[in-house]
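# Breakdown of the fold
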Protein chains: 4
Amino acid sequence: MNARPRLHELGVASGAFRRGSLNAITDVAGVRIGHSTVQTDTLSTGVTAIVADQLNADRRWLPAGLAVGNGYGKLIGATQLQELGAIETPVLLTSTLSAFRAADALVAWVLEQPGHEATRSLNPVVGETNDSYLSDIRSRPVGESHVREALAAAASGPVAEGGVGAGTGTVALGYKGGIGTASRVFSVGASDYTVGAIVQSNYSGTLRIAGVPMPAADLLAAEPAVGDGNSCMIVLATDAPLDARQLSRVANRAIFAMHGTGSDFAQGSGDYAIAFSVAEGSPPDDSLLSPAFEATMDAVEEALVNSLLQATTRTGFRGNTARQVPIDAVRERLRRAEWMRESERMRD
Amino acid sequence: MNARPRLHELGVASGAFRRGSLNAITDVAGVRIGHSTVQTDTLSTGVTAIVADQLNADRRWLPAGLAVGNGYGKLIGATQLQELGAIETPVLLTSTLSAFRAADALVAWVLEQPGHEATRSLNPVVGETNDSYLSDIRSRPVGESHVREALAAAASGPVAEGGVGAGTGTVALGYKGGIGTASRVFSVGASDYTVGAIVQSNYSGTLRIAGVPMPAADLLAAEPAVGDGNSCMIVLATDAPLDARQLSRVANRAIFAMHGTGSDFAQGSGDYAIAFSVAEGSPPDDSLLSPAFEATMDAVEEALVNSLLQATTRTGFRGNTARQVPIDAVRERLRRAEWMRESERMRD
Amino acid sequence: MNARPRLHELGVASGAFRRGSLNAITDVAGVRIGHSTVQTDTLSTGVTAIVADQLNADRRWLPAGLAVGNGYGKLIGATQLQELGAIETPVLLTSTLSAFRAADALVAWVLEQPGHEATRSLNPVVGETNDSYLSDIRSRPVGESHVREALAAAASGPVAEGGVGAGTGTVALGYKGGIGTASRVFSVGASDYTVGAIVQSNYSGTLRIAGVPMPAADLLAAEPAVGDGNSCMIVLATDAPLDARQLSRVANRAIFAMHGTGSDFAQGSGDYAIAFSVAEGSPPDDSLLSPAFEATMDAVEEALVNSLLQATTRTGFRGNTARQVPIDAVRERLRRAEWMRESERMRD
Amino acid sequence: MNARPRLHELGVASGAFRRGSLNAITDVAGVRIGHSTVQTDTLSTGVTAIVADQLNADRRWLPAGLAVGNGYGKLIGATQLQELGAIETPVLLTSTLSAFRAADALVAWVLEQPGHEATRSLNPVVGETNDSYLSDIRSRPVGESHVREALAAAASGPVAEGGVGAGTGTVALGYKGGIGTASRVFSVGASDYTVGAIVQSNYSGTLRIAGVPMPAADLLAAEPAVGDGNSCMIVLATDAPLDARQLSRVANRAIFAMHGTGSDFAQGSGDYAIAFSVAEGSPPDDSLLSPAFEATMDAVEEALVNSLLQATTRTGFRGNTARQVPIDAVRERLRRAEWMRESERMRD
């Protein structure tokens, strides 16, 4: 869906686990992704919706866990998610100051769904990052129509990445950031499961890909973009029958994986990971979970890199420009470091 | 402001600490309270705003702590409050499904305040309880105008209690609940400070006042009201120079104090306490904090009782009726138990 | 086992749920309690062991949750209990400064058990309260022999309460405190389950029984005892198939219930509740948990009162004396307040 | 103190901040480190003591924060550290099953210190990792003499690293691990401060140094060591006047930094970071903390690498061998990747 390569097309293995067929969160059956993208002279923003078909009139919640890497963010729905270990709505990602109206619109939408005729309490889950470098964030431009558009557009299959939906205006590691996704297949005992990640990248630091530094200050001919209120939202889906506590353990690893891409975990960054399971059934013993954790870290790291690789240069509010990662320079650096990654690839 | 008595007018001491002069959260200098009340045939709802004058263009945050007694609630702003140990906006209370648009309106209002010309990130704090027994909650009736009205109305001085603002449609312990407030003066070392509580009561259980049971099933001639999604929001203000961690310790005690009024801490109740300090200066040693904790518990218990004593019978949505606590019966029961409270009063 | 009455023998209903047949934590099948009591001129201390037969060579952990009401205490094993949502050893209660050698002895004992031949990691769970008012705590008098004695003595059936085991030297609410227990039967959906509580009471405040104040300053002819480092350890067992997250919710309610007995939740009190389940099977929906919560609060409140009612006057270290609750005065006060508790009893 | 190089002697910059003069936690004035090392045919274990001179008869606690990266560990003292935001004893590191007797010995030692004549409550802080691959852990060989030896040996100046003290028997990333340290100088506003890290490395994954993979499976001629119960204990000291909440934020970053060295964050790893401050004075605004966070990550990553670089091959219990990182191979790989690190070095 984009002439620019995803990480695996650059020949980077990124860990010991097999990718899912789409290498996307939609590899988890039932998970759909939809975007609403807002692009004008002053606006670069939007909404991304993560929808699980398993959440329906018959099944009113899915087990979920949360990791707060750095709570400088306005995540809506956190405390009830933690108390009940569950999500009961799709998860939305959007722009910081629009998160509240997005949550309001999400409530409106859910109340209209079959089975919700008598619903009088609902915990919408909405994450956000700050896209004010490229977008007039104070105008709170995201409204009900964008939420409905993203939810209506939610589809299985390949996922649009880069500067789309909630990633339209984000900036990461000096480059244009955005939405990225990836997936991994892992085993719990004798069973195979999939974990998929979708990210909204918007944080500071120095990009690394597979350990190789790709500093914007070096690779770009221009000044790196400097986002305001850097953050990273990560949503994980799995078909492994993990319970809420175990999903929190998974979510913690998603935060750790940000380090692999060069995040500096700045104090003003809202770094959160939400993990949910679409499965039913008894949770496995925790002693079997290490592969789930490692696969999650690999998927998140790749999703973050994909969010940058897939994004393209954008000039937005006040003429600020966030430049795309120069693919040729990345290829060249990866090529020079190829020897470095050989032993890893062999584990693949 | 109400012909019905507050707890202290019934001669109940409620602990060893002196009340503030108004016996209200507004005894903490700089704290103002405003209500917006919505009352129609189908609506019984509103907004209550807790405003601290110390939060202004020069001082952008106040230290704050949070206690999550039971996270079945949609508190907005929780994770950033905890990470930074601070609030940076007034605190609003409102109706569950309207909390998101109230937060959106609060953002709009703050962005207009002096000093916020360049603000591009903001963490509004909005608590809620479910008023669907008396109000058509699904219509999400609270909007920007109500938020602005409550903020504009915020005043020092006596605080309207009972069925006003965010308490217009709430139901507690089988009776009509609402907004209540109280305060206590306590010492930290050689210095005197004030703690004030304001509550939005909306929870199940069996009312106790000063240990004396006042079950709705006994005291009412009619069926007790049965709220949906019972909850309790508690906001505490103090002029003691406590830091965020210490304020979290204070907030925990507010939750514990709910037990004194007969809360059953039902699984579907969103019970939260937020404590903030308007003071500047070095925090005291924790070894000095027990009086602050005890005074907080007394103030919260009294505020909760006041929220019921001050509320009057209301018939709302679908003809549901929540009846007021019968004051005469309360007086009679307290009178019969007077001997019981004597030893306590002597500590006053 | 004691001429002094337990709470139910005073005719106090304490809530709407039926008591278990022993009204003890041992009503949960498989749970055994053992004490080791140390009483000399300078020592008033000991160990209480809570053992679950379900924890054995075949089943290496039981789901468990933790509530930290006030973390001023040296609870051993907290973080792993929370991470894995499990206990893997019996739970011990003992004296503050002896907790570490008790934990060491517990490790030694578990390593000898069948199935632990190759165990190289183990998370002993040991709670403590401070018995220094009556005991020479600095001598750290509890050792391996006491731990082994308590574990060996662990039995089903009635539980010795008051000044035994870990309760030998504790002081609560101005009186001699100690060990107490109680249980309740509750429903989750169509199934009946039992929750049992055992407590080590050692905290400050003003005693209330069924809402009726029983201040030590009034009921005792002498000065109330003033403990040092007041605390309360609560352990809950249930045969309901709750998972770790749900057990944490249960444990929270145990802390709340301390309020009913008059705890002032002083800053220097280590107030913790650990809840574990001996059941296997799928956890129920959280929407069904309110009865479990309320039954837990009732059981804990009664266990705390029992710990005082069953304790007898003891003079210990430095001639300090902690006096027993005068039963006649309690009876008299309860009798005068009988009218007050009638409506409650009718719910029984 | 060791013929093997530390990381900086390999010419690796590891971030943008200046190292302290010793590049050790002892660069924070007042902090002393002592080891007790136990090496026999069957034992490879010991104790490492982190002592702050600022903790003395006049100053009974230092502000401290905790991060639980993965709570599969037996950290003693966690809940009180979090409640009070403080440590009140030196911090010890040792072997898992010996942690409890080490804590007991630490209590004994503190009670003997000036000013503790009347101490009747104390919260010893002891971390541990599992050294059972090289040591007969079940014998719980660490006792009071080792604790006293480590405390007595605590000195300022250079810190012995590698297989000493609590690092004697640990295994990390397939190699022999151990104790490592590093420090960084950073600014908060106009003031310069130091953060120092000391680590006990004992975790699984694939070693990376400055992003360059150094897999044990490739670099060793023999099978990599496979530790049991992998874990990582990290202790941070700073002279910046951070409060407990801020120190928790710092501690979180220490966990994140483990990712940079190739940790797989396995489910059975007890990964904890404790951060304390020796400073007095008002805490800075959080908006100034990003440099503290980044400097901490750099120091921790370097301390972890140092713990491996400085460790030497050891054969222990049951003939298990943990092999040292082959320095020549590391040099060669770093040399080949030199181009890769150039841009980073320029930020130095």
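Cut-offs applied
Residues numbered from 1 in each chain as written. Chains lettered and ligands numbered in written order. Predicted model: local features only at pLDDT ≥ 70, side-chain atom pairs only at ≥ 80, totals over all residues. Heavy atoms only, no water. Helix = DSSP H or I, 4+ residues; strand = E, 2+ residues; numbered from the N terminus. Rg over C-alpha atoms; globule rule 2.2 N^0.38 Å. Buried < 20%, exposed > 50% of the residue type's maximum accessible area, 1.4 Å probe, protein only. Lys, Arg positive; Asp, Glu negative; His and termini not counted. Charge placed at Lys NZ, Arg CZ, Asp CG, Glu CD. Least-squares fit on C-alpha atoms with pLDDT ≥ 70 in both. Contact = heavy atoms within 4.5 Å. Buried area = accessible area lost by both parts, 1.4 Å probe. Salt bridge = Lys/Arg side-chain N within 4 Å of Asp/Glu carboxyl O. Polar contact = N/O pair within 3.5 Å; in protein donor to acceptor, adjacent residues only side chain to side chain. Expected span 1.5 Å × (residues − 1). Pairing = 2+ DSSP bridges. Axes fitted to C-alpha atoms, helices over the stretch in contact; angles between N-to-C directions. Right-handed = clockwise from strand over helix to strand, strands pointing away. Parallel < 35°, antiparallel > 145°, perpendicular 65-115°, else oblique. Left-handed = near helix turned anticlockwise from the far one by under 90°. Phe/Tyr/Trp six-rings, centres within 6.5 Å; stacked < 30°, edge-to-face > 60°. Lys NZ or Arg CZ within 6 Å of the ring centre and 35° of its normal. Arc of directions from axis to C-beta. Nonpolar A, V, L, I, M, F, W, Y, C, P; charged D, E, K, R; others polar.

### Digging into the overall build of chain A
Looking only at helices and strands, chain A features eight helices and 16 strands. Computed over C-alpha atoms, the radius of gyration of chain A comes to 19 Å, within 12% of the 20 Å expected from 2.2 N^0.38 for 348 residues, which places it in the range of a compact globule. With respect to the principal axes defined by its C-alpha atoms, chain A has extents near 60 × 50 × 35 Å. A burial count over chain A gives 70% of its 348 residues as buried. In chain A, the 29 positive side-chain charges and the 37 negative ones have mean positions that sit 4 Å from each other.

### Regarding the relation of the copies chain B and chain A
Two chain copies, one operation linking them: a rotation about an axis together with a shift along it. Superposition record for chain B on chain A: RMSD 0.0 Å, screw rotation 180°, translation along axis 0.0 Å. Classification of the inter-copy transformation places it as that of a two-fold axis. Rotation axis and chain B: the residue whose C-alpha lies nearest the axis is B:Phe100, separated from it by 2.5 Å. Interface residue correspondence from chain B to chain A reaches 100%, placing this contact among same-surface, isologous pairings.

### Digging into the interface of chain B and chain A
Much of the literature gives interface size as the accessible area that the parts lose upon coming together. At the junction of the two partners, chain B supplies 40 residues and chain A supplies 40 residues. Buried area between chain B and chain A, summed over both chains or domains, comes out near 3,400 Å², and the portion from carbon and sulfur atoms is 50%. Three residues stand out in chain B for area buried against chain A, namely B:Phe100, B:Arg120 and B:Arg138, and they jointly supply 23% of the buried area on that side. Joining chain B to chain A, the criterion identifies four salt bridges. As a salt-bridge pair, A:Asp104 and B:Arg140 come within 2.9 Å of each other at their nearest N and O atoms. Summed over the shared surface of chain B and chain A, the number is 26 residue pairs in polar contact (both at pLDDT 80 or more). A per-element tally of the side of chain B that touches chain A places helix α2 (residues 99-111) of chain B first, with seven residues.

### Here we look at helix α6 (residues 290-309) of chain B
Taking 1.5 Å of rise per residue, 20 residues should cover 28 Å, and α6(B) covers 29 Å from first to last C-alpha, within 8% of that figure. Counting buried positions along α6(B) yields 17 of 20 residues, so the element is predominantly enclosed.

### Some remarks on the sheet that holds strand β1 (residues 31-39) of chain B
Residue and element names in this part refer to chain B. Spatially, four strands are ordered β1-β2-β5-β6 in an open sheet, and the strand pairing comes out mixed. The sheet is open, and its two borders are formed by β1 and β6 (125-129), each paired with just one other strand. Going across the sheet, the axis of each strand differs from the next one's by a mean of 15°, ignoring polarity. Of the strand pairs in this sheet, strand β5 (residues 91-95) and β6 are connected by five bridges, and their pairing is parallel. By the bridge assignment, Thr94 is partnered in β6 with Glu128. Sheet contacts for α2: β5 and β6; angle to β6, the most-contacted strand, approximately 155°. Each of β1, β2 (44-52) and β5 is contacted by helix α3 (residues 144-153), which is oriented at about 140° to β1, the strand it contacts most.

### With respect to the pairing of strand β5 (residues 91-95) of chain A
Counting buried positions along β5(A) gives five out of five residues, so the element sits mostly inside the fold. Between the parallel pair β5(A) and strand β6 (residues 125-129) of chain A, the chain is carried across by helix α2 (residues 99-111) of chain A, and the sense of this crossover is right-handed.

### Structural notes on the environment of C:Gln113
Mapped onto the fold, C:Gln113 is located in the loop between α2 (99-111) and β6 (125-129). Looking at C:Gln113, its side chain comes within polar contact range of the main-chain oxygen of C:Trp109, at 2.8 Å.

### Observations regarding the pairing of strand β13 (residues 231-238) of chain B
Residues and elements named next belong to chain B. The element β13 is largely enclosed, with a buried count of eight among its eight residues. In β13, alternate side chains face the same way, and those of Ser231, Met233, Val235 and Ala237 on one face and Cys232, Ile234, Leu236 and Thr238 on the other are all buried. As judged from the eight bridges shared by strand β10 (residues 191-202) and β13, these two strands associate in the antiparallel manner. Bridging across to β13, Gln200 finds its partner in Met233. Bridge count for β13 against strand β14 (residues 270-277) is eight bridges, and the pairing is parallel. Along β14, the bridge assignment pairs Cys232 with Asp271.

### Some points on the packing of α2(A) against helix α3 (residues 144-153) of chain A
Residues and elements named next belong to chain A. Axis separation between α2 and α3 bottoms out at 8 Å; the angle between their running directions is 55°. Relative to α3, the element α2 is oriented oblique. At the point where α2 passes α3, the crossing takes the right-handed sense. In this structure, α2 uses Ala102, Ala105, Leu106, Ala108 and Trp109 to contact α3, whose residues at the interface are Glu144, Val147, Arg148 and Leu151.

### Some thoughts on the packing of aromatic side chains
What the rule picks out here adds up to ten aromatic pairs over all chains. Arranged with centres 6.3 Å apart and planes meeting at 45°, the rings of C:Phe186 and C:Tyr193 form a pair that is tilted. Here C:Phe186 and C:Tyr193 have matching classes, each one buried. An aromatic cluster is defined as three or more aromatic residues linked by ring pairs; in this entry it consists of A:Phe256, A:Phe265, D:Phe256 and D:Phe265. A cation sits over an aromatic face here: C:Arg253 above C:Phe293, 4.0 Å from the ring centre.

### Remarks on unusual backbone geometry
Phi is positive for B:Phe265, close to 45°, though the residue is something other than glycine. Note that B:Phe265 resides in the loop between α5 (244-258) and β14.

### Here we look at helix α7 (residues 327-336) of chain C
Within the span of α7(C), buried status applies to C:Ile327, C:Val330, C:Arg333 and C:Leu334. The buried residues of α7(C) occupy an angular sector of 130° when the element is viewed end-on, so they sit on one face.

### Re the interface of chain A and chain D
Every contact between the two is made by 39 residues of chain A and, on the other side, 39 residues of chain D. Interface area lost by chain A to chain D is led by A:Phe256, A:Gln267 and A:Trp339, which between them contribute 24%. Joining chain A to chain D, the criterion identifies twelve residue pairs in polar contact (both at pLDDT 80 or more). Within the residue set of the side of chain A that touches chain D, elements represented by two or more residues are β3 (62-71), β12 (212-213), α5 (244-258), α6 (290-309), α7 (327-336) and α8 (338-346) of chain A. The dominant element in the side of chain A that touches chain D, judged by the number of residues it contributes, is α5(A), at six residues. Taken together, the residues of the side of chain A that touches chain D break down into 15 nonpolar, twelve polar and twelve charged.

### Some words on the pattern of salt bridges
Summed over all chains, the structure comprises 56 salt bridges over all chains. With its nearest N and O atoms 2.9 Å apart, the salt bridge here joins B:Arg101 to A:Asp104. Of the two residues, B:Arg101 sits in helix α2 while A:Asp104 sits in helix α2, which places them in two different chains. Salt bridges linked by common partners bring A:Glu83, C:Arg245, C:Arg249 and C:Asp286 together as one network.

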